[in-house]
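Here is what each chain is made of, one letter per residue.
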Amino acid sequence: MRVYIIVAAVFWCGYVDSRKVRGISSSYKRFYRERKSFLCIDGSRMIPFEQVNDDYCDCEDGSDEPGTSACPRGRFYCTNLGFRPHYIPSSRVNDGICDCCDASDEYNSHARCQNTCWNLGQRERAYVEGQMRTLDEGLRLKQQLIEEGVLLWREKQAQLRELQQVAEDLQVKLEEHRRKKHEADRLKEQTLKALEAGDGGLIRHQNSSVTSIFHLLDSNKDGSLTVDEIKAKVVLVHDEQRVLSEDEALALLDRGHRMDLSKFQSTLWDVLTRGDTVKIKDTQGAPGSLSSEDPHLKAADRAAEWEATNLKKVEEAYETVNMEIRYTYTLCPFNQVTQKSTAGVEVSLGMWGMWTGKPKNHYSQMVYENGEPCWQGGSRSTTVTLTCGTETALRSVKEPSKCQYIMDFQTPVACQPVLKQQGIHSEL
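Residues numbered from 1 in each chain as written. Predicted model: local features only at pLDDT ≥ 70, side-chain atom pairs only at ≥ 80, totals over all residues. Heavy atoms only, no water.

With respect to the overall build of the protein chain
Regarding its fold elements, the protein chain presents ten helices and 15 strands. Counting only contacts in the protein chain whose residues sit at least 6 apart along the sequence, the fraction spanning at least 24 positions is 40%. Of the roughly 27,800 Å² that the protein chain leaves accessible, carbon and sulfur atoms contribute 54%. (Helix = DSSP H or I, 4+ residues; strand = E, 2+ residues; numbered from the N terminus. Contact = heavy atoms within 4.5 Å. Areas by Shrake-Rupley, 256 points an atom, 1.4 Å probe, with all protein chains shown as cover.)

Regarding the pairing of strand β15 (residues 404-411)
In summary, the side chains of a regular strand alternate between the two faces of the sheet. Alignment of strand β13 (residues 381-388) against β15, held across eight bridges, turns out to be parallel. Paired with Thr383 across the two strands is Ile406, which belongs to β15. Sheet analysis places strand β14 (residues 393-401) next to β15, joined by six bridges and oriented antiparallel. Opposite Ser396, over in β15, you have Asp408 as the bridge partner. (Pairing = 2+ DSSP bridges.)

A closer look at the pattern of salt bridges
Using the criterion set out here, one finds twelve salt bridges in the structure. Note that Arg84 and Glu124 form a salt bridge whose closest N and O atoms lie 3.1 Å from each other. Separated by 40 residues along the polypeptide, Arg84 in the loop between β3 (75-78) and β4 (86-89) and Glu124 in helix α2 (residues 117-196) bring together distant segments of the chain. For Glu124, a relative accessible area of 26% gives the class partly exposed. Across the pair Glu137 and Arg140 runs a salt bridge whose closest N-O atoms are separated by 2.5 Å. (Salt bridge = Lys/Arg side-chain N within 4 Å of Asp/Glu carboxyl O. Buried < 20%, exposed > 50% of the residue type's maximum accessible area, 1.4 Å probe, protein only.)

So, the state of the cysteines
One pass over the full model with this rule turns up seven disulfides. For Cys40, the disulfide goes to Cys59, at an S-S distance of 1.9 Å. Sign of the S-S torsion, about -75° for the bond between Cys40 and Cys59, identifies this disulfide as left-handed. Of this pair, Cys40 sits in the loop between β1 (37-39) and β2 (46-48) while Cys59 sits in the loop between β2 and β3, placing them 19 residues apart in sequence. Residue Cys78 pairs covalently with Cys100 via a disulfide, S to S 1.7 Å. Sign of the S-S torsion, about -45° for the bond between Cys78 and Cys100, identifies this disulfide as left-handed. Here Cys100 lies in the loop between β4 and α2 and Cys78 lies in strand β3, a separation of 22 residues in the sequence. Take Cys78 and Cys100: they sit in the same class, and that class is buried. (Disulfide = S-S within 2.5 Å.)

With respect to unusual backbone geometry
Located in the positive-phi region is Ala103, a residue other than glycine, with phi close to 65°. By secondary structure assignment, the location of Ala103 is in the loop between β4 and α2. Residue Ala103 is classed as buried on the basis of its relative accessible area of 16%.

Observations concerning helix α4 (residues 210-217)
The element α4 is extensively covered by neighbouring structure, given that six of its eight residues are classed as buried. Turning to α4, its buried residues are Val210, Ser212, Ile213, Phe214, Leu216 and Leu217.

Describing a nonpolar patch on the surface
Residues Tyr127, Val128, Met132, Leu135 and Leu139 make up a contiguous nonpolar surface patch of about 480 Å² in total accessible area. Relative to the elements of secondary structure, Leu135 occurs in helix α2. We classify Leu135 as partly exposed; its relative accessible area is 44%. (Patch = residues over 30% accessible without salt bridge, like charges linked within 9 Å, V, L, I, M, F, W, Y side chains within 5 Å.)

So, the sheet that holds β13
Pairing is mixed across the open sheet formed by seven strands, whose spatial order is β9-β10-β11-β12-β13-β15-β14. Every other strand in the sheet has two partners, leaving β9 (327-332) and β14 as the edge strands with one partner each. The sheet shows a mean angle of 25° between the axes of neighbouring strands, taken without regard to direction. The pairing of β9 with strand β10 (residues 336-341) spans six bridges and is antiparallel. Paired with Leu331 across the strands is Val337, a residue of β10. (Axes fitted to C-alpha atoms, helices over the stretch in contact; angles between N-to-C directions.)

Comments concerning the environment of Thr320
In this structure, Thr320 sits in helix α10 (residues 295-326). For Thr320, a relative accessible area of 13% gives the class buried. It is 9.4 Å that separates the C-alpha atoms of Thr320 and Ala167, two residues lying 153 residues apart in sequence. Those residues within four positions of Thr320 in sequence are excluded, and the remaining contacts are Val397 and Lys398.

Section: the confidence of the model for the protein chain
With 85% of its residues at a pLDDT of at least 70, the protein chain reaches an overall mean of 81. Ranking the elements of the protein chain by mean pLDDT puts helix α1 (residues 2-14) last, at 37, and strand β12 (residues 365-369) first, at 95. Contacts from residues 202-208, a stretch scored under 50 in pLDDT, to residues over four places away or in other chains number 24 contacts. (pLDDT = per-residue confidence, 0-100.)

Notes on the environment of Arg45
With respect to the helices and strands, the residue Arg45 is situated in the loop between β1 and β2. Here Arg45 falls in the partly exposed class, since its relative accessible area comes to 41%. Measuring from C-alpha to C-alpha, the distance between Arg45 and Asp58 comes to 8.3 Å, with 13 residues separating the pair along the chain. Dropping the residues within four chain positions of it, Arg45 is found in contact with Phe38, Leu39, Cys40 and Asp58. Of the polar contacts made by the side chain of Arg45, one reaches the backbone oxygen of Asp58; its length is 3.0 Å. (Polar contact = N/O pair within 3.5 Å; in protein donor to acceptor, adjacent residues only side chain to side chain.)

Spelled out as structure tokens, the structure:
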């Protein structure tokens, strides 16, 4: 009988009762291996080891009662094998409520707790696996966005190079059209000066035809010149204000009362060409006058207008391309329009104002107003015209007048169904 008692005593000395280590994590078990005494973990007190987990709080840090609710500052460790381990306040130990999924906190209560750690662990693992799949997919999409961003950047760089090339070409065209307009204006000015100097100067300068001058003097277009027609349109070079007398007119008509084209070419034409005695009266701009009827002046005027129109078109195209190079425009429908320079300075071109489309398509045009003030007063504003397209994109931006912008916004939203005309029926 004594032998068995000795064996039992040896067993007790070699191992710690499981009751003593309840509520301890594996990292803290080294503090609970003492056989005769226990040092509080905070080092404040040494107590007999038998007082560990005896349901009486001896240590201020509660370390002597990890498995009971005796200490107000104590913590109970839920091992929760198969799920996440965690600590609970020791006050919840044996309180009749299952806090640990392995039911270890209710080892001495009336509660009948089930071990749910495995099921919770399965759900946790499924959730983590889902999160990992989401992360993998997110990383894949991120890489895709990076690759798309690189392609977009390269595309924008290519567009920028194209725009810069277009700008250089337009610069050449701009200089050429400026030169042509200058030449056209100079030719027009020379024509007008020649006209103001009299018909002799005009005839010499423009090499006008005999027929055109004859028709100019022939007011009633009957094919002959009369005394009254000569008096009405021919004056003395040195006395333009005085009307020719009838004798002076007859002299110019070679003493005849009428003169046809053939005789005009051999007589009066030479006198007018010299321009030393008489000239055609200066009635510039009046109906039937030299300035309004002369074909050379008309041609010079048309050429000047044509070159001015061409120059304006090239200037607009050049300015539009430069605006695309210098600025980035952002349109936020029903909010605002902004302009951002290459230096990063952002300017408001207007806040949402109203719809201003025509009655038949009221929602085809938007106005953004009260943008940032201009340098010389007034605020910036933008008119946005919506056009039908297969993609949503800002197609063009122009500034026809200072701080007044026009945008072409292409979007499928602007597409309208084609209405069948009344009275027209399909035979199909």
